[in-house]
Amino acid sequence: MNNINTEAIESEKKALAETGYGAPAIKYFIEKQYMGDIPDADHISEMVGTCGDTMKIYLKLDNETITDAKYQVLGCPGAISSAMAIAEMIKGKTLSEAKKINDGHVFNVLENVPSKKHHCIQLAVKTLHKAINEFQNNVTYEASEPLQCDQACNNDCCSKNLIK
Ligand code: FES
């Protein structure tokens, strides 16, 4: 990684910490370890938040157990860090265990997010619950029109190249 990138990341981390994101939330947001798709996913589900941001979740299952999970997120750092935390939390859990994950559990893992970003945690949790409910009720995923970032939100994630 070159110095310019390192400086940009450090300055992003500092800005996030100053706005109230906890260290784990910042790490999830910067690393985006579970961002992307699973080509042979057993279930895919998508949700649009009241803010207009969008999440798509991919689940890989072995019977009732989640063996892999990824999210694609067009949204803010709160949305991205919440989605990454959930993807990590649900690996190895059964569907019924994963269904019990709520906003408070995710908040505790992230340690802190600004209060105006609590709805972003809700969006990530609701996307998970929707996916599990759909899978258990044999509802298959129907892709919506591909979203462009400027359709999804008014944040500046794209211009800062924060969305993968
Ligand atoms: Fe829309 Fe965070 S999910 S502002």
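Everything below is about the structure printed above this text.
In what follows, the accompanying structure is described. Only a predicted model underlies this, so the values are computations on that prediction, with no experimental measurement involved. (Residues numbered from 1 in each chain as written. Predicted model: local features only at pLDDT ≥ 70, side-chain atom pairs only at ≥ 80, totals over all residues.)

### Considerations on the overall build of the protein
Scanning the protein for helices and strands turns up 7 helices and 3 strands. Listed N to C, the secondary structure of the protein is α-α-β-β-β-α-α-α-α-α in terms of helices and strands. When contacts within the protein are restricted to residue pairs at least 6 apart in sequence, those whose partners lie at least 24 apart make up 64%. (Helix = DSSP H or I, 4+ residues; strand = E, 2+ residues; numbered from the N terminus. Contact = placed C-beta atoms within 7 Å.)

### Here's the deal with the pairing of strand E1 (residues 43-48)
Regular strands have side chains that alternate between both faces of the sheet. Taken together, the 6 bridges between E1 and strand E2 (residues 54-62) define a ladder with antiparallel strand orientation. Across the sheet, Met-47 pairs through a bridge with Met-55, a residue of E2. Counting the residues between successive antiparallel strands, the hairpin from E1 to E2 contains 5 residues, one of them, Gly-52, with a positive phi of roughly 95°. (Pairing = 2+ DSSP bridges.)

### Thoughts on the packing of helix H5 (residues 103-110) against helix H6 (residues 118-136)
In contact at an axis separation of 9 Å, H5 and H6 are set at 120° when each is read in the N-to-C sense. It follows that H5 is oblique to H6 by the angle criterion. Crossing hand, H5 versus H6: right-handed. Along its contact with H5, which presents Asp-103, Val-106 and Phe-107, the element H6 presents Ile-121, Gln-122, Ala-124 and Val-125. (Axes fitted to C-alpha atoms, helices over the stretch in contact; angles between N-to-C directions. Parallel < 35°, antiparallel > 145°, perpendicular 65-115°, else oblique. Left-handed = near helix turned anticlockwise from the far one by under 90°.)

### Examining the environment of Gly-49
By the element assignment, Gly-49 lies in the loop between E1 and E2. Residue Gly-49 is classed as buried on the basis of its C-beta count, with 20 C-beta atoms lying within 10 Å. C-alpha separation for the pair Gly-49 and Gln-122, spaced 73 residues apart in sequence, amounts to 8.9 Å. When near neighbours in sequence (up to four residues on either side) are disregarded, Gly-49 contacts His-119 and Leu-123. (Buried ≥ 20, exposed ≤ 12 C-beta atoms within 10 Å, placed from the backbone.)

### Description of the sheet that holds strand E3 (residues 65-74)
Spatial ordering of the open sheet is given by E1-E2-E3, a layout of 3 strands whose pairing is antiparallel. What marks the edges here is a single partner per strand, and that holds for E1 and E3. Taken pair by pair, the neighbouring strands of this sheet meet at an average axis angle of 15°, ignoring direction. Seen against the sheet, helix H3 (residues 77-90) touches E2 and E3 and runs at an angle of roughly 170° to E3. The strands touched by H6 are E1 and E2; relative to E1, the strand with the most contacts, the crossing angle is about 140°.

### Digging into the environment of Ala-17
As for its placement among the helices and strands, Ala-17 is situated in helix H1 (residues 3-18). Note on Ala-17: 14 C-beta atoms within 10 Å, which makes it partly exposed. When the C-alpha atoms of Ala-17 and Asn-112 are compared, they prove to be 9.5 Å apart, with 95 residues separating the residues in sequence.

### Thoughts on the packing of H1 against helix H2 (residues 23-31)
What describes two packed helices is the angle between their axes and the distance between those same axes. Relative to each other, H1 and H2 sit at 140°, their axes nearing to 10 Å. Accordingly, the angle class assigned to the pair H1 and H2 is oblique. In the packing of H1 onto H2, the handedness of the crossing is right-handed. Contact residues: H1 offers Ile-9, Glu-12, Lys-13, Leu-16 and Ala-17, while H2 offers Ile-26, Phe-29 and Ile-30.

### Brief notes about the nonpolar core
As a rule of thumb, soluble globular proteins bury nonpolar side chains together. Ranked by size, the top nonpolar core spans 40 residues in total, and within it Ile-57, Ala-79, Ala-83, Ile-86, Val-106, Ala-124 and Leu-128 carry the most contacts. Those elements that provide at least two residues to this core are H2, E2, E3, H3, H5 and H6. Every residue in contact with Ile-86, bar those within four places of it in the chain, is listed here: Ile-101, Val-106, Ala-124, Val-125 and Leu-128. (Core = buried A, V, L, I, M, F, W, Y, C linked by C-beta atoms within 7 Å.)

### Quick notes on H1
The end-to-end C-alpha distance of H1, which contains 16 residues, comes to 22 Å, matching closely the 22 Å that a straight helix rising 1.5 Å per residue would cover. Burial analysis of H1 places just 1 of its 16 residues in the buried class, which makes it a mostly uncovered element. (Expected span 1.5 Å × (residues − 1).)

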